[in-house]
Amino acid sequence: MKGLTAALTAGFLFGTGLAVSGMTRADKVIAFLDLADGWDPSLALVMVGAIGVHFVLFRLVLQRPSPVFASQFGVPTRRDIDARLVVGAGLFGIGWGLGGYCPGPGMVSVSSASPHALVFIVTMTAGVLLYQAFDRFLAANRTPAPAQDA
Amino acid sequence: MTTFTPVSALSGGALIGLAASLLMMSHGRIAGISGIYKGLLPGVEGDRDWRVAFVGGLLLAGLAFTWLVPGAVEASAQRSVGLTAVAGLIVGVGVTMGNGCTSGHGVCGISRISRRSLVATAAFMTTGMITATLVQLLMGGVL
């Protein structure tokens, strides 16, 4: 129960940060990404504030032998740069620049019952499921090809 | 066009960094919103409780701001709902293929100085800026 309270608090703080910073306002996100019409650099400072705090606290937290409510830290260890990473991130950026929403602000904005946010989360979910199905299809067809005759 | 808001941007950002640190301390997890959300979808076993609580916290924050600060979380873009639907689909495919979004790669990954996240952030910042700038130049921002 304490663990769930901690996760709920983290989510609430995260959502509050998104709303305070302006990330939940699609017009502000687009004014940051659109360099042609009076650029608003505010959202670069959101990254500076978030990374500045997390850079320090993340290292302090990892001094602990383990998390408070889990047996170990789940920090990613992959270092390879593959096409999937670059193409996927590139696609995400295109969708972000088109709509002005990334997943976190989209979810926070659902609570305002805004049609934009609701539609965004529904089609984003469809996109996730679509790619997962495509990935399974690829994996199923990656089985070794039968040896060819002659 | 919107006005430059350095104080709210920095302080909101600091809250995001604090929240990500809290989740790392409590559950040892990266606060990547797309990753947390993916774990809630059908086909993923176990490990759901903290994800439900975290997303519940996001929604509660949205409710609080909708109620207390009009204009903070409502859609205010000039984009149509139809274009937003297409954008959502592309975001869903992109974050699944690239394993993360603005939070997981942009905030958490860069804080860890992860090579993969640095590359991913450079990629989505570049394509995001090209896309939004093109929509402005070609369509006057309305699409």
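### Some thoughts on helix α3 (residues 49–68) of chain B
(1) Moving on: The end-to-end C-alpha distance of α3 of chain B, which contains 20 residues, comes to 28 Å, matching closely the 28 Å that a straight helix rising 1.5 Å per residue would cover.
(2) Moving on: When we look at burial in α3 of chain B, the residues that qualify are W50, R51, A53, F54, V55, G57, L58, A61, G62, F65 and T66 of chain B.
(3) Moving on: Of the surrounding elements, those touching the buried residues of α3 of chain B are α1 (2–21) and α5 (103–110) of chain A together with α1 (6–27) and α2 (33–38) of chain B.

### So, the nonpolar core
(1) Moving on: Core analysis: the largest hydrophobic core is formed by 86 residues, its most contacted members being A10 of chain A together with A19, L23 and F54 of chain B.
(2) Moving on: No other element matches α1 of chain B, which puts 12 residues into this core.
(3) Moving on: In this structure, F54 of chain B is in contact with A7, L8, A10 and G11 of chain A together with L23 and I36 of chain B, ignoring residues within four places of it in sequence.

### Some thoughts on the interface of chain A and chain B
(1) Moving on: Contacts between the two partners involve 107 residues from chain A, matched on the other side by 104 residues from chain B.
(2) Moving on: Those elements that place two or more of their residues in the side of chain A that touches chain B are α1, α2 (26–33), α3 (42–61), α4 (83–99), α5 and α6 (115–140) of chain A.
(3) Moving on: For the side of chain A that touches chain B, the element with the most residues is α1 of chain A, which contributes 18 residues.
(4) Moving on: Taken together, the residues of the side of chain A that touches chain B sort by class into 65 nonpolar, 33 polar and 9 charged.

### Description of the packing of α6 of chain A against helix α4 (residues 81–97) of chain B
The relative placement of two packed helices is expressed as an angle between their axes plus a distance between the axes.
(1) Moving on: Relative orientation of the contacting elements α6 of chain A and α4 of chain B amounts to 35°, with a least axis distance of 6 Å. Between α6 of chain A and α4 of chain B the crossing geometry is right-handed.
(2) Moving on: Residues belonging to the contact of α6 of chain A with α4 of chain B are distributed by class as follows: 18 nonpolar, 9 polar and no charged.

### Quick notes on the environment of R136 of chain A
(1) Moving on: Summarising the element assignment, R136 of chain A is placed in helix α6.
(2) Moving on: Residues R136 of chain A and G15 of chain A, spaced 121 residues apart in sequence, show a C-alpha to C-alpha distance of 32 Å.

### What to know about unusual backbone geometry
(1) Moving on: At A113 of chain A, a position not held by glycine, the phi torsion is positive, near 60°.
(2) Moving on: With respect to the helices, strands and loops of the structure, A113 of chain A is situated in the loop between α5 and α6.
(3) Moving on: For A113 of chain A, a count of 12 C-beta atoms within 10 Å puts it in the exposed group.
(4) Moving on: Although it is not a glycine, N99 of chain B adopts a positive phi angle of roughly 60°.
(5) Moving on: In this structure, N99 of chain B sits in the loop between α4 and α5 (102–111).

### Notes on the packing of α5 of chain A against α3 of chain B
(1) Moving on: Where α5 of chain A meets α3 of chain B, the axes come as close as 7 Å, and the angle between the chain directions of the two elements is 60°. On the basis of the axis angle, α5 of chain A is oblique to α3 of chain B. In the packing of α5 of chain A onto α3 of chain B, the handedness of the crossing is right-handed. Each of G104, M107, V108, S109 and V110 of chain A in α5 of chain A lies in contact with α3 of chain B, whose residues at this interface are V55, L58, L59, A61 and G62 of chain B.
(2) Moving on: Residues belonging to the contact of α5 of chain A with α3 of chain B are distributed by class as follows: 7 nonpolar, 3 polar and no charged.

About the cut-offs
- Residues numbered from 1 in each chain as written.
- Chains lettered and ligands numbered in written order.
- Predicted model: local features only at pLDDT ≥ 70, side-chain atom pairs only at ≥ 80, totals over all residues.
- Helix = DSSP H or I, 4+ residues; strand = E, 2+ residues; numbered from the N terminus.
- Expected span 1.5 Å × (residues − 1).
- Buried ≥ 20, exposed ≤ 12 C-beta atoms within 10 Å, placed from the backbone.
- Contact = placed C-beta atoms within 7 Å.
- Core = buried A, V, L, I, M, F, W, Y, C linked by C-beta atoms within 7 Å.
- Nonpolar A, V, L, I, M, F, W, Y, C, P; charged D, E, K, R; others polar.
- Axes fitted to C-alpha atoms, helices over the stretch in contact; angles between N-to-C directions.
- Left-handed = near helix turned anticlockwise from the far one by under 90°.
- Parallel < 35°, antiparallel > 145°, perpendicular 65-115°, else oblique.

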